[in-house]
Amino acid sequence: MKKALKRGLYAVLLALLPFATGMAFGKTWVRILDFALLYVMLALGLNIVVGFAGLLDLGYVAFFAVGAYCYALLASPHFGLHLPFWLILPIGAFAAGIFGMLLGAPTLRLRGDYLAIVTLGFGEIIRIFLNNLDTPYNITGGPQGIDMIDPIRLGSFSLNQPTSHTVYSYYFLFLFFALATAFVSMRLQHSRIGRAWAAIREDEIAAEAMGINTRNVKLLAFAMGASFGGLSGGLFAGFEGFVSPESFTLMESIMILSMVVLGGMGHIRGVIFGAVLLSILPEALRYVGPIEQSLFGKIVVDPSSLRMLLFGLALILVMLLRPAGLWPSPARKRELLAHGETAKHENTNIYDAGR
Amino acid sequence: MMQDAKLLEVQNIGKTFGGLAALSGVSLSINRGEIYALIGPNGAGKTTLFNVLTGIYKPDSGNFRLEGVEMAGKKPSEMAKSGIARTFQNIRLFSNMSVIENVMVGRHCRTRGGVLGAILGSSRTRAEEKSISEKARHLLDYVGLARHAHMLARNLSYGDQRRLEIARALATEPKLLALDEPAAGMNPLETDSLKSLLETIRRDGITLLLIEHDVKLVMGICDRLAVLNFGKKIAEGEPSQVGSNPLVIEAYLGVS
């Protein structure tokens, strides 16, 4: 009963949030909320690979790109195709999953730094392909990208109409998908597959010796994580109406990874928290410019460089002070706590021996 | 039809590393329901043989059969699935997972639940999940770790970690349980309780293969044993016969 009440309260809060934000700060901020939800989906997807299975992936944005371009190619005047979104989103997620396996297959034997380097290269390869596939046949539109992408329609209702409501309707669409990805992540984590991922993260050789086919289970992690990326890519393309390779740079991959690490690797709530925090904070820093202007009469430090500076500083501080993330999983917390208890126990024992 | 008394048959296994013949022409057979030990001085090839039998290494020559099924060259996960489970000399638990989760991982190869079932929470997946945790709880009880079920594996005492490794291996429902120096680093008290655990496991119908340095433990517990030296088998038989074999004494003490 209490749980149901709590859930209802959360639902009401999440439903009212965009309207409250819109009234207090204007529509720009509702748009920022929309993007925060997209980042939640991306971070949850990367969390499957990095947090659950312990495979470092620095090219995750490539799957976001695959999903976005899938949507762009199948629902725009570029090829004259206009498929409905409920068909394209699964196609995009599936295509991203295939790309995930393509990336996973050659990297199965790699770990740690080496895996990071290969995945980083993979991310760049996808972006460069997108950038150059406009000749000899114009497939991706090259650096110009693809525009006039169809908005997402539910039946005959276009989410872009009327224009003044766009950010609100997309908020609820994204909220639905973000909650769904969180739910799927949670179910996966506490399943036989989730345990196998955790086992591989902890000790691959022991996992293999316990009868886990590490090759298949790792590929599954890559594919699942990538399909989340592909899904949010499709939503992104429908929302923006325009995609170009510029949106899928290495910086984005690093940003998503930072969300996962900062929030608390492997902990779903922590990862969501990290994603929301890191997508909203940099936007808040935009107000630093006007504040400086009014305080000193001129811009002393350029806000955009300040953003990167503060971002880097925050990451360093978190890694030093809270290495498990801002909101680590209970298991990790238990780990730290248990250490404390053991230490206390040992200390009292030493004290006893001294007497 | 009567079951064949031989569970594992090893024939002419050879393995070289570079120019070094770690194993040459090793043959032995393990009977159903016995405790079989493998001893020998350091570098004799015990662990190499062990790693061949559990799929970590592929043998260069020879083959071995479990219940008549050819096994040489299979991957470790296939070995576990076919019924050979192992523990590790330097404990390899999933240290940041809880004790019970460690055992539940061992059930992986005997269960089937996939992604879709997990996401949809199908009744079959839920029933399977329940049976996994029940079986894990039962096994923890069996090795005497039930009260630590929710502790992190890394916080267990050394002896308990070894027991947990055994429970995790038992969760794969092995026909042959292979233990790599299970008593290494244990105090005499822990060794005694390990001994009785091994005897219980054997009594419950699981065949045991044991590599051990603690000769007193080996002689006291095993039914038969083989002695390796420089990659060759120099003796095989019951403890009393092997213990008086001049070749064995020479291998351990040197020629007088």
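Residues numbered from 1 in each chain as written. Chains lettered and ligands numbered in written order. Predicted model: local features only at pLDDT ≥ 70, side-chain atom pairs only at ≥ 80, totals over all residues. Heavy atoms only, no water.

## Here we look at the sheet that holds strand 2 (residues 20–31) of chain B
Residue and element names in this part refer to chain B.
- Sheet architecture is open: four strands sit in the order 2-1-4-5, paired in antiparallel fashion. One side of each edge strand has no neighbouring strand; the edge strands of this open sheet are strand 2 and strand 5 (69–70).
- Bridge analysis of strand 4 (residues 61–66) against strand 5 gives two bridges, and the strand direction is antiparallel. Across the sheet, Leu 66 pairs through a bridge with Val 69, a residue of strand 5. (Pairing = 2+ DSSP bridges. Helix = DSSP H or I, 4+ residues; strand = E, 2+ residues; numbered from the N terminus.)

## Some remarks on helix 2 (residues 27–52) of chain A
Residues and elements named next belong to chain A.
- Helix length check: helix 2 (26 residues) gives 36 Å between terminal C-alpha atoms against 38 Å at 1.5 Å per residue, within 8%.
- Where helix 2 bends most, the angle comes to about 35°, and this point is Leu 46.
- For helix 2, the tally of buried residues reaches 22 of 26 residues, placing the bulk of the element in the interior. (Expected span 1.5 Å × (residues − 1). Bend = angle between axes of the 7 residues up to and from the residue. Buried < 20%, exposed > 50% of the residue type's maximum accessible area, 1.4 Å probe, protein only.)

## Focus on the side chain of B:Lys15
- Mapping B:Lys15 onto the fold places it in strand 1 (residues 6–17).
- Apart from the residues within four sequence positions on either side, B:Lys15 is in contact with B:Leu20, B:Ala21, B:Ala22, B:Leu23, B:Thr48, B:Tyr57, B:Lys58, B:Pro59 and B:Asp60. (Contact = heavy atoms within 4.5 Å.)

## Remarks on the sheet that holds strand 3 (residues 35–39) of chain B
All names here are of chain B.
- Pairing in this open sheet of six strands is mixed, and the strands run 6-7-8-3-9-10 from one edge to the other. What marks the edges here is a single partner per strand, and that holds for strand 6 (84–86) and strand 10 (232–237). The mean angle between the axes of side-by-side strands here comes to 20°, regardless of whether they run parallel or antiparallel.
- Bridge analysis of strand 3 against strand 9 (residues 224–229) gives four bridges, and the strand direction is parallel. When the bridges of strand 9 are listed, Leu 38 appears paired with Ala 226. (Axes fitted to C-alpha atoms, helices over the stretch in contact; angles between N-to-C directions.)

## With respect to the domain arrangement of chain B
Residues and elements named next belong to chain B.
- What the domain assignment reports for chain B is domain 1 (1–83 + 174–256) and domain 2 (95–172).
- Computed from C-alpha atoms alone, the centre-to-centre distance between domain 1 and domain 2 is 27 Å.
- Facing the 21 residues of domain 1 at the interface are twelve residues of domain 2.
- Between domain 1 and domain 2 the total buried area reaches about 1300 Å² when both faces are included, carbon and sulfur atoms providing 63% of it.
- Considering only the surface of domain 1 that becomes buried against domain 2, Lys 81, Pro 174 and Leu 197 emerge as the three largest contributors, covering 34% of it.
- Our enumeration of links across domain 1 and domain 2 arrives at zero salt bridges.
- At the surface where domain 1 touches domain 2, the tally comes to seven residue pairs in polar contact (both at pLDDT 80 or more). (Domains from an automatic or database assignment. Buried area = accessible area lost by both parts, 1.4 Å probe. Salt bridge = Lys/Arg side-chain N within 4 Å of Asp/Glu carboxyl O. Polar contact = N/O pair within 3.5 Å; in protein donor to acceptor, adjacent residues only side chain to side chain.)

## With respect to the packing of aromatic side chains
- For the structure on display, the rule yields 19 aromatic pairs over all chains.
- Arranged with centres 6.0 Å apart and planes meeting at 35°, the rings of A:Phe19 and A:Phe172 form a pair that is tilted. Here A:Phe19, found in helix 1 (residues 2–25), pairs with A:Phe172, found in helix 6 (residues 166–189); they are 153 residues apart in sequence, far enough to count as distant.
- With relative accessibility at 35%, the residue A:Phe19 sits in the partly exposed group.
- A:Phe172 sits in the partly exposed class, given a relative accessible area of 34%.
- Considering the side-chain rings of B:Phe17 and B:Tyr57, the 5.2 Å spacing of their centres and the 70° angle between planes classify their relative orientation as edge-to-face. Of this pair, B:Phe17 sits in strand 1 while B:Tyr57 is found in the loop between helix 1 (46–53) and strand 4, placing the two residues 40 residues apart along the sequence.
- Its relative accessible area of 35% is what places B:Phe17 among the partly exposed residues.
- Ring-pair connections join several aromatic residues into one group, and the members of that group are A:Phe35, A:Phe64, A:Tyr69, A:Tyr170, A:Phe174, A:Phe236, A:Phe239 and A:Phe248. (Phe/Tyr/Trp six-rings, centres within 6.5 Å; stacked < 30°, edge-to-face > 60°.)

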